Amino acid sequence: MTPAEELHAAASLLRDRATGAIHEDRRTWATGQTLGSKSPVVVDDQEQPSVFIETYAARLEAVNRYLALLGPATGLALADWLDTMASYYTPGPTHPTYVVHALAVAREILGSQP
């Protein structure tokens, strides 16, 4: 697989997963807490959540903030960026720094090595 193909493959995978996480066009997630126990949660809607991710220890609130940050909207934007970076790739022994960084992100998403 060429680097451009890797970038497109990662974009496609990310777009597929992000789109699959969207319910009722809710593209952003937020942190909150349950009504009863006040456990930290991530939700896609504070009033009627369809995405509800709960952690059971206060110290895990950092995990929730991270998950909320990387909700579907961020995934879709990142997928678009990866596709754009693929258009900047040109075959050869060296690549611009921004393409090298994009490839590193793509390979993390794909779980592959150069």
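Here the structure is a predicted model, which means the values were calculated and not measured.

Rules behind the numbers
- Residues numbered from 1 in each chain as written.
- Predicted model: local features only at pLDDT ≥ 70, side-chain atom pairs only at ≥ 80, totals over all residues.
- Heavy atoms only, no water.
- Axes fitted to C-alpha atoms, helices over the stretch in contact; angles between N-to-C directions.
- Helix = DSSP H or I, 4+ residues; strand = E, 2+ residues; numbered from the N terminus.
- Parallel < 35°, antiparallel > 145°, perpendicular 65-115°, else oblique.
- Left-handed = near helix turned anticlockwise from the far one by under 90°.
- Contact = heavy atoms within 4.5 Å.
- Nonpolar A, V, L, I, M, F, W, Y, C, P; charged D, E, K, R; others polar.
- Phe/Tyr/Trp six-rings, centres within 6.5 Å; stacked < 30°, edge-to-face > 60°.
- Pairing = 2+ DSSP bridges.

Caption draft 1: Structural view of the packing of helix H1 (residues 3-20) against helix H4 (residues 97-110). Orientation of H1 relative to H4, taken along the N-to-C sense of each, is 55 degrees, at an axis distance of 9 Å. In terms of axis orientation, H1 runs oblique to H4. Where H1 crosses over H4, the two elements pack in a sense that is left-handed. Residue-level inspection shows Pro3, Glu6, Leu7, Ala9, Ala10, Leu13 and Leu14 of H1 in contact with H4, the latter providing Ala102, Leu103, Ala106, Arg107, Ile109 and Leu110. Counted by class, the contact of H1 with H4 contains 11 nonpolar, no polar and 2 charged residues.

Caption draft 2: Highlighting the packing of aromatic side chains. A full pass over the atoms with the stated rule returns 1 aromatic pair. Consider the rings of Tyr88 and Tyr98, whose centres lie 5.6 Å apart with planes at 80 degrees: the pair is edge-to-face. Of this pair, Tyr88 sits in helix H3 (residues 72-88) while Tyr98 sits in helix H4; the two residues are 10 residues apart in sequence, bridging distant segments of the chain.

Caption draft 3: Layout of the sheet that holds strand E1 (residues 30-33). Ordered in space as E1-E2-E3, the 3 strands form an open sheet in which the pairing is antiparallel. The outermost strands of the open sheet, each flanked by one partner alone, are E1 and strand E3 (52-54). Neighbouring strand axes in the sheet, compared pairwise and without regard to direction, differ in orientation by 30 degrees on average. Where strand E2 (residues 40-43) and E3 come together, 3 bridges link them in antiparallel fashion. Paired with Val41 across the two strands is Glu54, which belongs to E3.

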